[in-house]
Amino acid sequence: MKIVVAFDSFKGSLSAQDAVNTVSKAIKEVSPSANIVKLPLADGGEGTTEILAYYLNASWTRCKVHDALMRPIICKYAISKDGNIAIMDMASAAGLTLLSKEERNPMFTTTFGVGEMLCDAVGKGCKHILLGIGGSATNDAGIGMLTALGAKIYDNDRKEVIPIGENMQNISTIDRSNLLDLSAISIEVVCDVTNPLYGPNGAAHVYAHQKGANDTEIVALDRGLRHLSTFFSISPNTCGSGAAGGLGYALLSLNAQLKVGAEVVFNAAKLSYHIADADLIITGEGKIDSQTLCGKLPFAVLKVAKQAKIPVVALAGCVEDKDQLLMAGFKVVKSINDVCPTSLSITQQMLPIVATKNLSETIKQLLKKYLHP
């Protein structure tokens, strides 16, 4: 039996690599002769750079940038062996996890550090940039990034605008005459959301609250995004333009291509090749629910598997909307915490040692049932 183990991370608990290793070990205990293919994956969110660097055998480099509150930090990204491809996460410079809970508010954060990372990669000779834009702390529509790349942004008094979320609505002019020349640079944006720039489903209304904005600020941010869109020829309804607080929109203005994150990773991992003759695919991540069907990794795996008519088992720490997921085509959808005592809190269940044990036991139970129904 050939089993493909294709997991995203269990955020805050297990990395994708930890998950595939745990599952593979458990499979071997039940079926020593099984042919196992281990594929740690990501869908454009947190951890995508590490996964792509793994498959592209890239090396890590570091550079000085500013975080979302303009404090100097050192961030890392990867460069392929031939020096042509840079692989980076915007969250390394402007990620939500770099800020304390009290510091989080997209009215006052910037993507300036993302532009600095791009400048560094271009300066090192990279011609192709893979940029993951999940996990942002920002809602500035990329004006911080554009400023770092050389753009000058002014208000009505011809004063330079500090490129943060609350100042978008004060912009009167965007001068791109001194913008870094990226005409010879190919930028692929690895994205895991499809939201437009503004409106009820836009960057501010859907994501700004979790980044620290209140209801009044969300309205102001949405108004700023609408205003900013008048300075560009890119349609604000372009799929993914609202990603990372509108950073996707600014990147489109640089002729970047927005790619579905999972597809970019699948190509690097050669997923279609590996599942061609598989008997079973086991996938999962930290939480699986109806939002999974909007393009998160387990559903992306399922879509590829359906074409090859291979059954897919989906596992997660938390499972909701199970009936919808089964109707979508998963053979099994199960929480790994079903095997643990109900007295454990969510925090305890997420401890790596507990999650590893529960994931392993779940695999053993399921596989025994799968092999001997």
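Residues numbered from 1 in each chain as written. Predicted model: local features only at pLDDT ≥ 70, side-chain atom pairs only at ≥ 80, totals over all residues. Heavy atoms only, no water.

Cut-off, in case you're wondering: UniProt positions are given in the numbering used here, feature names are shortened, and annotations may be inferred rather than shown by experiment.
Where an unreviewed UniProt entry is consulted, the protein chain appears under the name Glycerate kinase, with the organism given as Prevotella amnii DNF00058. The UniProt entry for the protein chain carries this comment under Sequence similarities (unreviewed entry): "Belongs to the glycerate kinase type-1 family."

## So, the domain arrangement of the protein chain
Put simply, the rule reads: Where each domain starts and ends comes from a domain assignment, either automatic or drawn from a database. Defined here as a combined quantity, buried area equals the accessible surface (1.4 Å probe) lost by two parts on assembly, summed across both. The salt bridge criterion pairs a side-chain nitrogen of Lys or Arg with a carboxyl oxygen of Asp or Glu, the two atoms within 4 Å. Polar contacts, as counted here, are pairs of nitrogen or oxygen atoms within 3.5 Å of one another; within protein the pair requires one atom able to donate a hydrogen and one able to accept it, and residues that are adjacent in sequence qualify only if both atoms are side-chain atoms. Secondary structure counts use DSSP, requiring at least four H or I residues in a row for a helix and at least two E residues in a row for a strand, with both numbered from the N terminus.
The domain boundaries assigned to the protein chain delineate domain 1 (2–42 + 269–371) and domain 2 (48–259). Averaged C-alpha coordinates put domain 1 and domain 2 at centres separated by 32 Å. Both sides of the domain 1 and domain 2 interface together cover about 550 Å² of buried area, and 57% of this is carbon and sulfur. If you look at where domain 1 meets domain 2, you find 0 salt bridges. Counting the contacts that link domain 1 with domain 2 gives 1 residue pair in polar contact (both at pLDDT 80 or more). Of all the secondary structure elements, the ones that give two or more residues to the side of domain 1 that touches domain 2 are helix H1 (16–30) and strand S2 (35–40). It is S2 that provides the largest number of residues to the side of domain 1 that touches domain 2, a total of 3 residues.

## Looking at the nonpolar core
Rules: For our purposes a nonpolar core is just a set of buried Ala, Val, Leu, Ile, Met, Phe, Trp, Tyr and Cys residues, chained together by side-chain atoms within 4.5 Å. Only protein chains enter the calculation, and the probe is 1.4 Å; a residue is then buried if its accessible area is under 20% of its type maximum, exposed if over 50%, and partly exposed in between. Every residue pair with non-hydrogen atoms within 4.5 Å of one another is taken to be in contact.
In this structure, Met88, Ile129, Ile133, Met145 and Leu251 are the most contacted members of the largest nonpolar core, which totals 61 residues. A per-element tally of this core places helix H8 (residues 243–253) first, with 6 residues. Setting aside its immediate chain neighbours within four residues, Met88 contacts Thr49, Tyr77, Met117, Leu118, Ala121, Ile129, Leu130, Leu131 and Gly132. Counting 42 residues, the second largest nonpolar core, distinct from the first, contains Phe266, Ile275, Phe299 and Ala316.

## What to know about the pattern of salt bridges
Overall, the coordinates contain 11 salt bridges when judged by the stated rule. Here Asp289 ties to Lys287 by a salt bridge, and the two come within 3.7 Å at their closest N and O atoms. Each of the salt bridges in this network shares a partner with another, and the network as a whole consists of Asp67, Arg71 and Glu103.

## Some remarks on helix H4 (residues 112–123)
The following threshold applies: Take the number of residues in a helix, subtract one, and multiply by 1.5 Å to get its expected span.
Compared with the 16 Å implied by 1.5 Å per residue over 12 residues, the 17 Å span of H4 between its first and last C-alpha is a close match. Of all 12 residues in H4, 9 are buried; the element is thus mostly enclosed. Listed in full, the buried residues belonging to H4 are Phe112, Gly113, Val114, Gly115, Glu116, Met117, Leu118, Ala121 and Val122. Following H4 by one or two positions, Gly125 adopts a phi angle in the positive range, close to 95°.

## Structural notes on the sheet that holds strand S13 (residues 332–335)
Within a sheet, each strand pairs with its neighbour through backbone hydrogen bonds, oriented either parallel or antiparallel. Cut-off, in case you're wondering: Two strands are said to pair when DSSP picks up at least two bridges between them. Between N-to-C directions, angles cover 0 to 180 degrees, with each direction set by a line fitted to C-alpha atoms, over the stretch in contact for helices.
Read from one edge to the other, the open sheet built from 5 strands follows the order S2-S1-S11-S12-S13, with strand pairing classed as parallel. Since the sheet does not close on itself, it has two edges, and those belong to S2 and S13, each with one partner. Strand-to-strand twist of the sheet, defined as the mean angle between neighbouring strand axes without regard to direction, takes the value 20°. In the sheet, strand S1 (residues 2–7) pairs with S2 via 6 bridges, with the strands oriented parallel. Bridge pairing in S2 places Ile3 opposite Ile36. Helix-sheet contacts for H1 involve S1, S2 and strand S11 (280–288), and the interaxial angle to S2 is about 165°.

## Points about the side chain of Thr48
For Thr48, the position within the fold is in helix H2 (residues 48–56). With residues up to four places along the chain from it excluded, the contact list for Thr48 reads Ala42, Asp43, Asp89, Val190 and Val265.

## Digging into the sheet that holds strand S4 (residues 72–79)
Strand order in the open sheet formed by 6 strands is S3-S4-S5-S6-S9-S10, with mixed pairing between adjacent strands. Each edge of the sheet is formed by a strand with only one pairing partner; in this case those strands are strand S3 (59–66) and strand S10 (257–260). In this sheet, neighbouring strand axes are inclined to one another by 30° on average, regardless of whether the strands run parallel or antiparallel. Relative to strand S9 (residues 186–191), strand S6 (residues 128–132) is paired through 5 bridges, and the arrangement is parallel. Paired with Leu130 across the strands is Glu188, a residue of S9. The strands touched by H2 within the sheet are S3, S4, strand S5 (85–89), S6 and S9, with S5 carrying the most contacts at an inclination of about 155°. On top of the sheet, H4 reaches S3, S4, S5 and S6; it is set at about 135° to S3, its chief contact.

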